[in-house]
Amino acid sequence: MKFLQGQQKPMALLSLRSALLSLTSLLLCSCPAAGKKKLYIGALFPMSGGWPGGQACLPSAQMALDLVNNRSDILPDYELELIYYDSMCDPGEATKLLYDLLYTEPIKIVLMPGCSSVSTLVAEAARMWNLIVLSYGSSSPALSNRQRFPTFFRTHPSATLHNPTRVKLFQKWNWNKIATIQQTTEVFTSTLDDLEQRVKEAGIEISVRQSFLTDPAVAVKNLKRQDARIIVGLFYETEARKVFCEVFKEKLYGKKYVWFLIGWYADNWFKIKDPAINCTVENMTEAVEGHITTEIVMLNPETVRGASNLTSQEFLGALMNRLGGKNPEETGGFQEAPLAYDAVWALALALNKTVEPLKTKGRRLEDFNYNNHDITAEIYRALNTSSFEGVSGHVVFDAQGSRMAWTLIEQLQGGSYKKIGYYDMTKGNLSWYGNDKWIGSGPPADQTVVIREFRFLSQNLFISVSVFASLGILLGIVCLTFNIYNSNVRYIQNSQPYLNNMTAVGCMLALAAVFPLGIDGPHHGNDDGDDANRSSPVPVVCQFRLWLLGLGFSLAYGSMFTKIWWVHTLFTKKDEKKEKKKQHLEPWKLYATVGVLLAIDVLSLMIWQIVDPLLITIENFTTEAPKGDLDVLIQPQLKHCSSKKMNTWLGVVYGYKGLLLLLGIFLAYETKSISTEKINDHRAVGMAIYNVAVLCMITAPVTMILSSQQNASFAFASLAIIFSVYITLVVLFVPKIRRLITRGEWQSEQQDTLKTASSTNNNDEEKSRQLERENRELQKIIQQKEERVSELRSQLAERQALRSRRRPSGQTQNHTGPQQPPPSQAEPKQLSQPPGYSPADKLSSSIPPSFSNSSNLYQPDSKLSRNHCHNSRLPLLYK
């Protein structure tokens, strides 16, 4: 039970009752037994103030004194007398009262303060007077400091005694993350520090720690914002009402939340009207439902007669009679009254144990004074070894002088507290009734349950891309087979077939890299990624991705780059060097170039794997809330093959490959107009380089940007590989296949090969073929010239025949005409043909070698053709 409502009792009534109790005590002790010596106890009972515990604790202590003084087996030669004052739970007032106790007669053998703040003051000063301090109502963990308070004991357990119980409950309900909110006072700060140490040892995390001085609004909002679920609250009762009013406003209660509070509040603390809050009783009742309290067991639950020969129930009956039937809920300290009762019995039993040891030393208890250290040491030793059954349970002190006790666990069910268990810290034994109730189906989770869900590649996409990659590999096999089978064909030989074979193999390796690019899930290893930075040893699939793609690119692009490089090197030089360079295209130079490019890639990949190997890393995305009222979140995760300095390595590789691609584009552009028989497919190679370079330069940065989108990243990378390979194979091999099929060059080229099989020098064989082609071309030119000459001869013959026919008609015209033509217009004499002279032969011998302009042949007779030829003859002359 929790009774602190006595704080509201009028001061006048409290003072009057205190006076009456003091008078009763004096009357009871005014007639000591004959021959008994008095031992005085200086006590401070807070009859008012923050904790008016003296209202019930003082009558309880007086009951114990009466019983002890009437016992013949306990201190038979002594009588204990209580001298007490009202400290009002105020350290300032207690300082004044402590001065009065110490500097007024009689000498007090022990001090008994109550209230933690007062006990702190008294215990720290008591050692200067060699006084033992035994408190009945102090729970501050700071009082467990033996160096600061070397003579302090208390029957009220330390507030830290709640913490082992709390930790035990956390473990029972599998909670690994808690939150705390505290009022900024020394007692709660010390308690929380102890709790933090204990939960750390138990592997439990305090995820949120909030504090406040007077207004808890901001602290409660922070708890809500940081998703606190299991919350330990450490504050006084008045502040508890403020806290839970804010809890109601923030909806920080219900089936998702559990609050742990201190158990010494009044049973109806949340129903008390408080002007400091603006929440109704119904609001407060709704907010506090289901919370857990832990409190020290201050009344023995078992029916056992202890040192006082009273059971706990008999003690309560006697106390109620002494209180005059007052309502316990209105009496301050009623809950702690058994502790005050047992404190007096602990002191009496300890003093009784010191009688014989002191007697052997020639000392007596009545000889005590504030300078006598020996008697204080004996009392300390006796208290430190105390162990007896009291009305509050088994009384025993630990090394720090604090009481060891059971802890009662209660839960607010339906507006009232129900006992749900006990915890014995000394034995680690949890007695559980099993009557705990929850708003939901059971204890809530300590945090929002995050379900890790891996993002996997779409199987439909992977299958589709795999089909295209497989067809590409088949196409590469066909091209490779074609190239090897026809390697003796001259047209294939002139395309450097071994380099083309490397291109086909590289394309197939690049296509094979598509399959490991799409393999994820269980192929990567464990699926229980805990965070974004977790990594596991590199699996084979990551190795395949890197090496297949790297080697495939080196072989495919490297062989094409080698062709275009040597074409540029040999055929873009100055004329005086060109003929010399044409004689030095050795096949081994081509293969060596490819080998160098391949060796650079292999070496770089090996260094990468040794220095910074690939690991499986897990990327976490923003949590997603599923549909429905579920207290769970979905944590999407994605696996990557990565290394610690992945960006650095990619920068080096992309930089090197990018320069190689740019250089390939430049060389392809420079050699686009060159025609050579040594590498007859260099223009097709240039076209393939253009396509590969453009696709690679687009794909590399885009895939890095889309790395968090598994489907888009895989589709972009794999389709870029597939398109590059298809374009390369089609551009390089399809024209060769088409030519050999359409022209039937298999047979003719094989015959030419057989004719020149005896030649062992490829250069001589090529020269011979070139001379044969030039001879055929010259024969065609000669034949065309001969035909032209024959045509011109026939034209001359016709012209001479025409002249011979027109000569007689010309002479007749001269005899009959009125005028004679001038001599210059007469027919030249040299046109007459001497006997035996052939005009055609003569003209033939005078014909120049060039027949490009036949009109020059007819220039001497141009006047004749213009003046004397009939129109019907013009077509003949200008044929």
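The rules behind the values
- Residues numbered from 1 in each chain as written.
- Predicted model: local features only at pLDDT ≥ 70, side-chain atom pairs only at ≥ 80, totals over all residues.
- Heavy atoms only, no water.
- Helix = DSSP H or I, 4+ residues; strand = E, 2+ residues; numbered from the N terminus.
- Buried < 20%, exposed > 50% of the residue type's maximum accessible area, 1.4 Å probe, protein only.
- Areas by Shrake-Rupley, 256 points an atom, 1.4 Å probe, with all protein chains shown as cover.
- Salt bridge = Lys/Arg side-chain N within 4 Å of Asp/Glu carboxyl O.
- Axes fitted to C-alpha atoms, helices over the stretch in contact; angles between N-to-C directions.
- Parallel < 35°, antiparallel > 145°, perpendicular 65-115°, else oblique.
- Left-handed = near helix turned anticlockwise from the far one by under 90°.
- Contact = heavy atoms within 4.5 Å.
- Nonpolar A, V, L, I, M, F, W, Y, C, P; charged D, E, K, R; others polar.
- Disulfide = S-S within 2.5 Å.
- Pairing = 2+ DSSP bridges.
- Right-handed = clockwise from strand over helix to strand, strands pointing away.
- Polar contact = N/O pair within 3.5 Å; in protein donor to acceptor, adjacent residues only side chain to side chain.

What follows deals with the overall build of the chain. Helices and strands together make up the secondary structure of the chain, namely 27 helices and 19 strands. When the 879 residues of the chain are sorted by exposure, 47% land in the buried category. Summed over its atoms, the accessible surface of the chain is roughly 43,700 Å², and 56% of this surface lies on carbon and sulfur atoms.

A few words on the pattern of salt bridges. Overall, the coordinates contain 21 salt bridges when judged by the stated rule. One salt bridge connects Asp-227 with Arg-229, and the closest N-O pair in it is separated by 2.9 Å. Given a relative accessible area of 30%, Asp-227 falls into the partly exposed group. With relative accessibility at 3%, the residue Arg-229 sits in the buried group.

Now for the packing of helix α17 (residues 540–571) against helix α20 (residues 646–670). With their axes 9 Å apart at the nearest point, α17 and α20 run at an angle of 40° to one another. Classed by the angle they form, the pair α17 and α20 counts as oblique. The handedness of the crossing between α17 and α20 comes out as left-handed. Mapping the contact onto sequence places Phe-553, Ser-554, Tyr-557, Phe-561, Ile-564, Trp-565 and His-568 in α17 and Lys-657, Leu-660, Leu-661, Leu-663, Gly-664, Phe-666, Leu-667, Ala-668 and Glu-670 in α20. Here the contact of α17 with α20 is composed, by residue class, of eleven nonpolar, three polar and two charged.

Within this structure, the stated rule accounts for two disulfides. Bridging Cys-89 to Cys-115, the disulfide has an S-S length of 1.8 Å. Here Cys-89 is found in the loop between β2 (78–86) and α3 (91–103), whereas its partner Cys-115 is found in the loop between β3 (108–113) and α4 (116–126), with 26 residues between them in sequence. Judged by relative accessible area, which is 16%, Cys-89 ranks as buried. Note on Cys-115: relative accessible area 7%, which makes it buried. Summary of cysteine pairing: Cys-479 is not part of a disulfide, and the nearest cysteine sulfur, belonging to Cys-507, is at 8.7 Å.

A word on the sheet that holds β3. If you trace the five strands from one edge of the open sheet to the other, you get β2-β1-β3-β4-β5, paired in parallel fashion. Only two strands of the sheet have a single neighbouring strand rather than two, namely β2 and β5 (152–154). Geometrically, the sheet is characterised by an average inter-axis angle of 25° between neighbouring strands, direction not taken into account. Relative to the sheet, helix α11 (residues 337–360) contacts β1 (37–45), β2, β3 and β4 (132–135), its axis offset from that of β3 by approximately 155°.

As defined by bridge partners, strand β6 (residues 177–183) adjoins strand β7 (residues 205–212) across seven bridges and the pair is classed as parallel. Directly across from Ile-178, in β7, lies its bridge partner Ile-206. The β-α-β motif built from β6, the intervening helix α6 (residues 186–201) and the parallel element β7 has right-handed crossover chirality.

Okay, the sheet that holds β6 next. Spatial strand order, β7-β6-β8-β9-β10-β13-β14-β15: eight strands in an open sheet with mixed pairing. Of all strands in the sheet, those bounded by a partner on one side alone are β7 and β15 (429–432). Neighbour-to-neighbour, the strand axes of this sheet turn through a mean angle of 25°, independent of strand direction. Sheet analysis places β6 next to strand β8 (residues 230–234), joined by four bridges and oriented parallel. Across the sheet, Gln-182 pairs through a bridge with Leu-234, a residue of β8.

As for its position among the elements, Asn-372 is in the loop between α11 and α12 (373–384). Judged by relative accessible area, which is 6%, Asn-372 ranks as buried. Polar contacts involving the side chain of Asn-372 include one to the main-chain amide nitrogen of Asp-374, which spans 3.2 Å. Filtering out sequence-adjacent residues up to four positions away, Asn-372 remains in contact with Asn-130, Arg-363 and Asp-367.

To continue, consider unusual backbone geometry. Most peptide bonds adopt trans geometry, and most residues besides glycine take a negative phi value. Here Glu-105 and Pro-106 are connected by a cis peptide whose omega angle stands at -5°. Inspection of the secondary structure assignment puts Pro-106 in the loop between α3 and β3. Although it is not a glycine, Met-88 adopts a positive phi angle of roughly 55°. The residue Met-88 is located in the loop between β2 and α3 in this model. The class of Met-88 is partly exposed, set by a relative accessible area of 30%. Residues other than glycine seldom take positive phi values, yet Cys-115 does so here, at roughly 80°.

Inspection of the secondary structure assignment puts Phe-170 in helix α5 (residues 162–172). Relative accessible area serves as the criterion here: at 0%, Phe-170 is assigned to the buried category. Separated by 276 residues in sequence, Phe-170 and Asp-446 place their C-alpha atoms 9.3 Å apart. Those residues in contact with Phe-170, other than ones at most four positions away along the chain, are Trp-175, Ile-178, Val-199, Ile-204, Ile-230, Val-232 and Phe-260.

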